[in-house]
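Spelled out, the chains give:
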Amino acid sequence: MIPARAVFSGLQRRAFSATARDLSKVTVLGAAGGIGQPLSLLLKLNPRVTELALYDIRGAPGVAADISHINTNSSVKGYEANASGLASCLKGSDVVLIPAGVPRKPGMSRDDLFNTNASIVRDLAKACAESCPDANVLIISNPVNSTVPICAEVFKAHGVYNPKRLFGVTTLDVVRASRFVSEIKGSDPKDEKITVVGGHSGVTIVPLFSQSSHPDLTTNADLIKRVQFGGDEVVKAKDGAGSATLSMAMAGARMAESLIRASQGEKGVIEPSFVDSPLYKDQGVEFFASKVELGPSGIEKILPVGEVDAHEEKLLEACLGDLKKNIEKGVAFVASNP
Ligand code: NAI
């Protein structure tokens, strides 16, 4: 039998002496925004994050100074809003989260944000390609269906594109789906594992209830619509003050944590994400959100969509049509605005 003290000191060593592999620099671009601030807060509370780097075109040093007083072990630094601040912020990053850009106002679709956010993401992607080409890059800025392809095109142009390390953050769709189902079924959302595939906007968001423990929900049109347009509830309730920020921060922090766990060797870490995917390439759809197994190199495995019923087949058809156009729009943007 191992004496209790030996077990304790072993645990203690593991807790306090992080190996080089366990060090994780996480960077947030857009850190002073509605998502950026609570996201940075959650990352500061995460013991797996050892260094937190914050950048924004305004206010990052202030957010960093505030968060840095929280008594967890990680270091926090906010960088000046200029090219060299951005480059130093990114250098050595393991994970970069990008929630920079404008959010929706009532009546706007995510695609309406394209004109403003496309160039913001393009420029930040250039900075990542130059300063941290090996980092895992997590795009939150909408429209994700187009901003992820924009980032991929920029990386390709810089000769550093690694499809295994580029992620569109769709975690919130799964978070919402499990919560909405739990409200209907009176269950605990942690027990509701709902697969959501496709993209991250309106009809491109496809919940697959036939694969859950409630296959009866595949005909619940109100629920399907709520999962697809759940973001609109928040935009409407905020009445011009923006879109989901707090739930999104939680979802983004969860995705970052999963990546770090997988990079530290944990097996079987699976998250949904919008990635460069083989699943529908034969139909001209280069990116697709599905369950993805994470590992030390980013994406370990893209899981298949699996069995779907006739209702979901129809939803998928509608999804693929829209998604293809959204992706092409992003690719065309970089071609004409390199
Ligand atoms: P916000 O306006 O509150 O914050 C955006 C921040 O980005 C601001 O602090 C702004 O100064 C900063 N910023 C703008 N240009 C920048 C640049 N070039 N470099 C660095 N920082 C820059 O907006 P919020 O609510 O935080 O939303 C951010 C984005 O996230 C929006 O595009 C929104 O649509 C998207 N979003 C995505 C979700 C998802 O599930 N993927 C869910 C909710 C929102």
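Scope of this entry: the structure provided in the associated data block. (Residues numbered from 1 in each chain as written. Predicted model: local features only at pLDDT ≥ 70, side-chain atom pairs only at ≥ 80, totals over all residues.)

Side note on the overall build of the chain
Tallying secondary structure elements over the chain gives ten helices and eleven strands in all. Here the C-alpha radius of gyration of the chain, 20 Å, is about what a compact globule of 338 residues would show, namely 20 Å. Oriented by its inertia axes, the alpha-carbon framework of the chain measures out at about 60 × 55 × 40 Å. Counting every position in the chain, which comprises 338 residues, the buried fraction comes to 47%. When contacts within the chain are restricted to residue pairs at least 6 apart in sequence, those whose partners lie at least 24 apart make up 70%. (Helix = DSSP H or I, 4+ residues; strand = E, 2+ residues; numbered from the N terminus. Rg over C-alpha atoms; globule rule 2.2 N^0.38 Å. Buried ≥ 20, exposed ≤ 12 C-beta atoms within 10 Å, placed from the backbone. Contact = placed C-beta atoms within 7 Å.)

Here we look at the site of the ligand
Around the ligand, a shell composed of 34 residues is seen, among which G30, G33, G34, I35 and N142 lie nearest. Ranked by the residues each element gives to the shell around the ligand, the list is headed by helix α5 (residues 114–131), at four residues. (Near = placed C-beta within 6 Å.)

Thoughts on helix α7 (residues 171–185)
Compared with an ideal rise of 1.5 Å per residue, which puts 15 residues at 21 Å, α7 spans 21 Å between its outermost C-alpha atoms and is within 8% of the ideal. Among all positions of α7, only T171, L172, D173, V174, V175, R176, A177, S178, F180 and V181 are buried. Backbone geometry just after α7 places G186 at a positive phi near 65°. (Expected span 1.5 Å × (residues − 1).)

A closer look at the nonpolar core
Within the largest apolar cluster, 95 residues are counted, with the highest numbers of intra-cluster contacts made by L54, V96, I98, L138, I139 and C151. It is helix α9 (residues 246–263) that contributes the most residues to this core, nine residues altogether. Setting aside residues no more than four positions away along its own chain, C151 makes contact with V121, A125, V137, I139 and L166. (Core = buried A, V, L, I, M, F, W, Y, C linked by C-beta atoms within 7 Å.)

Side note on the pairing of strand β2 (residues 51–55)
Buried residues dominate β2, accounting for four of its five residues. Pairing of strand β1 (residues 25–29) with β2, which is carried by five bridges, proceeds in the parallel orientation. Counted as the bridge partner of V28 is L54 from β2. Between the parallel elements β1 and β2, the chain passes through helix α2 (residues 36–44) in a crossover that is right-handed. Strand direction decides the pairing type here: β2 and strand β3 (residues 75–78), joined by four bridges, are parallel. Paired with E51 across the strands is S75, a residue of β3. The parallel pair β2 and β3, bridged by helix α3 (residues 60–67), forms a crossover whose chirality is right-handed. (Pairing = 2+ DSSP bridges. Right-handed = clockwise from strand over helix to strand, strands pointing away.)

Section: the packing of α2 against α9
Packing of α2 against α9 brings their axes to within 8 Å, and their N-to-C directions diverge by 40°. What the angle tells us is that α2 and α9 run oblique. At the point where α2 passes α9, the crossing takes the right-handed sense. Taken together, the residues of α9 that come into contact with α2 (itself represented by P38, L39, L42 and L43) are L246, A249, M250, G252, A253 and A256. (Axes fitted to C-alpha atoms, helices over the stretch in contact; angles between N-to-C directions. Parallel < 35°, antiparallel > 145°, perpendicular 65-115°, else oblique. Left-handed = near helix turned anticlockwise from the far one by under 90°.)

Keep in mind these values describe shape, not function.
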